[in-house]
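Summary of structural features
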Amino acid sequence: MLELTKLNHHQLEAVTAPEGPILVVAGAGTGKTRVLTTRIAYLIDHMGYDNNKILAITFTNKAANEMRTRVFNMVNNVYVPWIGTYHATCLKILKEDIQYIGRKNNFSVIDDEDQLSILRDIYKRGGLTQKDMKPKKALEVIEKVKMNDIQLNAINSLDKAKELGIYKFDELKNVKYVNQMYNQRLLSANLLDFNDLLLLAYKLLSEHGEVRKKWQTMFDYILVDEFQDTNELQFNILNLLINQEKKNVFVVGDPDQTIYTWRGAYPNIFKDYLVEYKQTKTYVLDLNYRSSQNILKVANSLISHNSDRIDKVLVTDNGEGNNVVFYKGDSDYHESNFITKQIVSLTKNKSYDYKDIVILYRAKYLSRSVEQELINNNIPYYVFGAVRFYQRREIKDLVAYLKLLTNPTDELSLKRVLNVPTRGIGNTTMDNITKYANDNHISFAEAFYLTNRSDFDPPWQKPAIIQFIKLIDSLISLTKDKTIAESVQLIIKAINYEDHIKSLELAEERLENIDEFIKSITEFETKHNTHSVEEFLHEISLYTDSDDNTIKNKDAVSLMTIHYAKGTEAKVVFIIGMNEGIFPSIKMNRENDIEEERRIAYVGITRSMEKLYLTCNVGFSPISTSTLTVSRFIKDVGHKNLREEISEMIPISDADLSWYSSKEIKTFEDNYNETVIEFKVGDTIAHTIFGSGVVISINGDMLDVAFKAPFGVKSLIKNHKAIKRLKN
DNA sequence: GTGTTGAGTATTTTT
DNA sequence: TACTCAACAC
């Protein structure tokens, strides 16, 4: 029997709401996920809904899996197949019906790395280099153009191009070319990027009434989590999937947690929803179960500085709890050192495990200085979203081989592996084939498989290619009746992949990853009871989280961006880099971006259950090459809500020093410091090349400094930028 | 054709 | 630091 007694009054009302459109506005930590999963269970158990006809949209694949497991455990092992992100849902729909819009359903989905390698290829063919425009920036423009349906070719003035971040006519011309080539390439190779999944699903459902009807009858009930981060296109797709007679839709969200406006989300979507579904019943959850009063005070105080919001204050029955700590260090080294010290003391008498601790930051690059300190102190940690599992080189190689076996004309995969491991098919050979393909108006893959023709020039390049084609042929027949896992093992053997890996850096880790990959394939095959490579490839094309199982059991500190942390909670939370220019980011361009930055901070703060640390440092920033200042968000929070910790004098070991020095000093603009630092004998200094040293004598503007072997004593100019005095 | 080296540069957020 | 790319040696 479904347990409803654990729910509070408001939660229960939402869970047992009648049919028809529902909106649940749920603040952070108010049991949003519990309400959503219990609602699904309730639909099946009490309202007689078919578990196969319920669609639940989540924001990440990770959240989807969690929800599925929770429902499975709640109502006697019932499996709900349609739980997934907008992208995953659209993918499944397109796989079934894409032929209605004139495309074949053997498409594959490409990730951002694939996109970039296509762009690099286009650059090469078009004679462009990254000096013309960084491929990454070009990709940004391409995505923006695609998502906003901008007619790039119609843009002829720099005034209009400005909105795309383009300020030169050359750039505009180049990006037009690259954009056209990119989309042409995707179409001819039958590839879809992430945006295509949404756009084509929308096209399919909006243009074909019979298909729309089919899916509307397919889903009796639709639920959406994290509704505040739904964008207009996704909302339109949702509306096309909702059966407009019954309007059985249940959305849950918190406008204060909208942190994806850069991807088209908009806080006003709640208003749009209420207009679209006028009979909507609204439920509000504001009793927070997660955090202590002190943490909520900080969160409420911060978010109250946003003007563009509906007033809402989180309350809790939890105790006052610990003070929220604010720490200001003299450098990023001090900041990281403070954090590791806290972690050491928090975990010393087992009051907390490493896995209770999360370190959050605004941007990925900020993790580095903390990582260094965690390593120095032997604290186990895991960085989420750093290099995603399926984007690892070794995994992508093997996946490319798999793809090639199912579809030998897959140009992207072919190009990726034709010289991995190296087999003498280098750039010159590839250029030859490309030229032949262009001259004869055939694809690269077609030209490649035509190598045995008599006019192939130069002939000495032939054997390597022919051997490779034979390899692929033999692998195709060899893997014919094998499972996917067996096929991958056969591939590894046939190409001697292990030897190749051993010649690379991080060989051990890569071999472990390969083991993990094979394990996950076996899991997939058992779970879905299939050996279809194509199904497997579709499954992993969207699965960007690194394998949860490998991390879950490890006792380690977690590091992640706040965006990534959405939907998670932890007993102890550190938010680092609370500096102007970092958080809020210097990259804000529109006026109300500051409100979004504040919401991001709000999301970070509300992840914490028991202890919260906000840290920053006022050293040099690699971005602004000037001294950092404290984030305005600290002022928003109010110093009365914080306990301030003072920067300590830290004895610096040699290991720390070499890292600290090389990192800090490079940021000076000139070779010499403007102000001459007054040294005295005995000061410890850091030098970019020589490492740590001690001042042994001073002669005018020169210093004699004793460095460790092999450098010995050196005479240096006092204000040279390579020198920095350290606290001692 | 392959592999190494040194110079130059970079940093929002993700499905 | 870490990554990319052009230039050069083999």
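Residues numbered from 1 in each chain as written. Chains lettered and ligands numbered in written order. Predicted model: local features only at pLDDT ≥ 70, side-chain atom pairs only at ≥ 80, totals over all residues. Heavy atoms only, no water.

Quick word on the overall build of chain A
Helix and strand content of chain A: 29 helices and 22 strands. Here the analysis covers contacts within chain A between residues at least 6 apart in sequence; of these, 74% occur between residues at least 24 apart. As displayed, chain A offers around 34200 Å² of accessible surface, 50% of which is attributable to carbon and sulfur atoms. (Helix = DSSP H or I, 4+ residues; strand = E, 2+ residues; numbered from the N terminus. Contact = heavy atoms within 4.5 Å. Areas by Shrake-Rupley, 256 points an atom, 1.4 Å probe, with all protein chains shown as cover.)

Some points on a negative patch on the surface
Judged by side-chain charge, Glu-498, Asp-499, Glu-508, Glu-509, Glu-512 and Asp-515 come together as a negatively charged surface patch. Listing elements by their share of the negative patch, those giving two or more residues are helix H22 (497-502) and helix H23 (507-528). Tallying contributions element by element places H23 first for the negative patch, with four residues. Here Glu-508 lies in helix H23. Using a relative accessible area of 64% as the deciding quantity, one classes Glu-508 as exposed. (Patch = residues over 30% accessible without salt bridge, like charges linked within 9 Å, V, L, I, M, F, W, Y side chains within 5 Å. Salt bridge = Lys/Arg side-chain N within 4 Å of Asp/Glu carboxyl O. Lys, Arg positive; Asp, Glu negative; His and termini not counted. Charge placed at Lys NZ, Arg CZ, Asp CG, Glu CD. Buried < 20%, exposed > 50% of the residue type's maximum accessible area, 1.4 Å probe, protein only.)

Quick look at the pairing of strand E16 (residues 608-617)
Counting buried residues in E16 gives eight out of 10 residues, a clear majority hidden from the surface. Where strand E11 (residues 324-329) lies against E16, five bridges are found, and the strand directions are parallel. Bridging across to E16, Tyr-327 finds its partner in Thr-615. (Pairing = 2+ DSSP bridges.)

Considering the sheet that holds strand E14 (residues 557-561)
Read from one edge to the other, the open sheet built from seven strands follows the order E13-E14-E12-E15-E16-E11-E17, with strand pairing classed as parallel. Two strands in the sheet have a free side with no partner beyond their single neighbour: strand E13 (381-383) and strand E17 (642-645). Strand-to-strand, the axes of this sheet are offset by a mean angle of 20°, without reference to chain direction. Helix-sheet contacts for helix H14 (residues 332-348) involve E11, strand E12 (357-361), E14, strand E15 (570-575), E16 and E17, and the interaxial angle to E16 is about 155°. (Axes fitted to C-alpha atoms, helices over the stretch in contact; angles between N-to-C directions.)

Looking at unusual backbone geometry
Omega for the bond connecting Val-420 with Pro-421 falls within 30 degrees of zero, at -5°, which places this linkage in the cis form. Summarising the element assignment, Pro-421 is placed in the loop between helix H17 (411-417) and helix H18 (427-439). One non-glycine residue, Glu-226, lies in positive phi territory at about 50°. Counting through the fold element by element, Glu-226 comes out in the loop between strand E6 (221-224) and helix H11 (232-241).

What to know about the pattern of salt bridges
For the structure on display, the rule yields 34 salt bridges. With a shortest N-O distance of 3.3 Å, Lys-355 and Asp-353 are connected by a salt bridge. On the basis of relative accessibility, which here comes to 46%, the residue Lys-355 falls in the partly exposed class. Measuring nitrogen to oxygen at the nearest pair gives 3.0 Å for the salt bridge that ties Asp-439 to Lys-435. Here Asp-439 and its partner Lys-435 are both found in helix H18, four residues apart, which amounts to about one turn of the helix. Taking the relative accessible area as the measure of exposure, Asp-439 reaches 48% and is therefore partly exposed. Residue classification places Lys-435 among the exposed residues on the basis of a relative accessible area of 52%. Look at the salt bridges and you will find they share partners, linking Asp-111, Glu-113, Asp-114, Lys-396, Asp-397 and Arg-416 into a network.

Examining the environment of Ala-17
By the element assignment, Ala-17 lies in the loop between helix H1 (9-15) and strand E1 (22-26). Remark: the alpha-carbon pair of Ala-17 and Lys-281, spanning 264 residues in sequence, is separated by 8.4 Å. Contact partners of Ala-17, with chain neighbours within four places excluded, come to Ile-22, Arg-39, Met-47 and Tyr-283.

Some remarks on the protein's contact with DNA strand B
Taken together, 27 residues surround DNA strand B, and among them Arg-362, Lys-364, Thr-428, Thr-429 and Lys-587 come closest. In DNA strand B, atoms within 4 Å of the protein come from the sugar-phosphate backbone in 56% of cases. The separation between a phosphate oxygen of DNA strand B and a polar main-chain atom of Lys-364 is 2.7 Å. A distance of 2.7 Å separates a phosphate oxygen of DNA strand B from a polar atom in the side chain of Thr-429. Of the residues in the surface near DNA strand B, the class split is eight nonpolar, 13 polar and six charged. (Near = heavy atom within 4 Å. Polar contact = N/O pair within 3.5 Å; in protein donor to acceptor, adjacent residues only side chain to side chain. Nonpolar A, V, L, I, M, F, W, Y, C, P; charged D, E, K, R; others polar.)

Some remarks on the packing of aromatic side chains
For the structure shown, the criterion picks out 22 aromatic pairs. Residues Trp-82 and Phe-219 carry aromatic rings whose centres are separated by 5.0 Å and whose planes lie at 75° to one another, so their mutual orientation is edge-to-face. Here Phe-219 lies in the loop between helix H10 (209-218) and E6 and Trp-82 lies in the loop between helix H3 (61-74) and strand E3 (83-84), a separation of 137 residues in the sequence. Phe-219 shares its class with Trp-82; the two are buried. An aromatic cluster is present here, built from Phe-227, Phe-235, Phe-270, Tyr-273 and Tyr-277 joined pairwise through their rings. Above the face of the Trp-82 ring, Lys-92 is positioned so that its terminal group lies 4.3 Å from the ring centre. (Phe/Tyr/Trp six-rings, centres within 6.5 Å; stacked < 30°, edge-to-face > 60°. Lys NZ or Arg CZ within 6 Å of the ring centre and 35° of its normal.)

Section: the sheet that holds E6
Sheet strands line up and pair through hydrogen bonds in the backbone, either parallel or antiparallel. The six strands lie next to each other as E3-E2-E6-E7-E1-E8, forming an open sheet whose pairing is parallel. The open sheet has two edge strands, E3 and strand E8 (281-285), and neither has a second partner. Of the pairings in the sheet, the one linking E1 to strand E7 (residues 249-253) comprises four bridges and is parallel in character. Looking at E7, one finds that Leu-23 is bridged to Val-251. Those strands touched by helix H2 (residues 32-45) are E1, strand E2 (54-57), E6, E7 and E8, and its axis lies near 170° from that of E6.

Digging into the confidence of the model for chain A
Detailed reading of predicted coordinates is not advised where the pLDDT is low. Here chain A shows a mean pLDDT of 84. Residues at 70 or above account for 86%. Here helix H29 (residues 654-665) stands out as the element of chain A with the lowest mean pLDDT, 34, in contrast to E6, whose mean of 97 is the highest. With pLDDT under 50 throughout, residues 649-675 is counted as low confidence; its partners more than four residues away or in other chains account for 63 contacts. (pLDDT = per-residue confidence, 0-100.)

Focus: H18
Residues that lie three or four places apart on an α-helix share one face, since the helix turns once every 3.6 residues. Between its terminal C-alpha atoms H18 stretches 18 Å, which fits the 18 Å expected from 13 residues at 1.5 Å a residue. Of the residues making up H18, those classed as buried are Thr-429, Met-430, Ile-433, Thr-434 and Ala-437. Buried positions in H18, seen along its axis, are confined to an arc of 135° and lie on one side of it. Every exposed residue of H18 that faces more than 90 degrees away from the buried side is listed here: Asn-427, Thr-428 and Lys-435. (Expected span 1.5 Å × (residues − 1). Arc of directions from axis to C-beta.)

Observations concerning the packing of helix H5 (residues 112-125) against helix H6 (residues 135-147)
Where H5 meets H6, the closest approach of the two axes is 10 Å, and the angle between their N-to-C directions is 110°. Looking at the two axes, H5 sits roughly perpendicular to H6. Contacts between H5 and H6 pair Asp-112, Gln-115, Leu-116, Leu-119, Arg-120 and Tyr-123 from the former with Pro-135, Lys-136, Ala-138, Leu-139, Ile-142 and Glu-143 from the latter. Split by residue class, the contact of H5 with H6 holds seven nonpolar, one polar and four charged. (Parallel < 35°, antiparallel > 145°, perpendicular 65-115°, else oblique.)

Examining the side chain of Asp-111
Tracing the backbone shows Asp-111 in the loop between strand E4 (108-109) and H5. One polar contact links the side chain of Asp-111 to the main-chain amide nitrogen of Asp-114, over a distance of 3.0 Å.

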